[in-house]
Amino acid sequence: MDALVAAATNKLEALEAALYELKNVRGRFTAEDGSVGVEVDSDGALVGLTLSENVTSHPPSEVSQLIIWACQQAAQNAGEQRSEVVGTLNSAFTAPDAGNVAGRAE
């Protein structure tokens, strides 16, 4: 019974850690010339946008496309971070003894 409780506790702790990490995922990307920088949350929603002074030398349509492209790159980065968190969580739930409850192999 102690092993079962310990296994359940470990899985709960892994789940809580994953939820915490997912809340704190931030994808970031800055354009090569530094004109646009973006930050997105774990859902890919824009939470930060920085524009440098040199962005004014570009036409508005180019700046808008650069912002969209930077957001896509940041969202991809956030997705990679989310995948790592979920992979770690999956590992905690598929440990070698996951199918062995109280000494009974399934």
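Structure: above.
Residues numbered from 1 in each chain as written. Predicted model: local features only at pLDDT ≥ 70, side-chain atom pairs only at ≥ 80, totals over all residues. Heavy atoms only, no water.

Undergrad: Would you explain the nonpolar core in this entry?
TA: Note on soluble globular proteins: their nonpolar side chains tend to be buried together. One finds Val25, Ala31, Val36, Val38, Val40, Val55, Val63, Ile67, Ala70, Ala74 and Ala78 forming the largest nonpolar core, which totals eleven residues. Among the secondary structure elements, those contributing two or more residues to this core are β2 (36-40) and α2 (60-93). Of the residues forming this core, the biggest block, five residues, is contributed by α2. (Core = buried A, V, L, I, M, F, W, Y, C linked by side-chain atoms within 4.5 Å. Buried < 20%, exposed > 50% of the residue type's maximum accessible area, 1.4 Å probe, protein only. Helix = DSSP H or I, 4+ residues; strand = E, 2+ residues; numbered from the N terminus.)

Undergrad: Just to check I follow, could you spell out the pairing of strand β1 (residues 27-30) for this structure?
TA: Moving residue by residue along a regular strand, the side chains alternate between the two faces of the sheet. The pairing of β1 with β2 spans four bridges and is antiparallel. Residue threonine 30 lies in a different strand from β2, and its bridge partner there is glycine 37. (Pairing = 2+ DSSP bridges.)

Undergrad: It is not clear to me how α2 should be interpreted in this structure. Could you clarify?
TA: One full turn of an α-helix is made of 3.6 residues, so residues set three or four places apart face in the same direction. Between its terminal C-alpha atoms α2 stretches 49 Å, which fits the 50 Å expected from 34 residues at 1.5 Å a residue. Contacts made by the buried residues of α2 are with α1 (2-23), β1, β2 and β3 (46-51). (Expected span 1.5 Å × (residues − 1). Contact = heavy atoms within 4.5 Å.)

Undergrad: Looking at this structure, how should I read the environment of alanine 18?
TA: Assignment of secondary structure puts alanine 18 in helix α1. Judged by its relative accessible area of 6%, alanine 18 is buried. For alanine 18 and glycine 87, which are 69 residues apart along the polypeptide, the C-alpha to C-alpha distance reads 9.7 Å. Aside from chain neighbours lying at most four places away, what touches alanine 18 is Val85 and Leu89.

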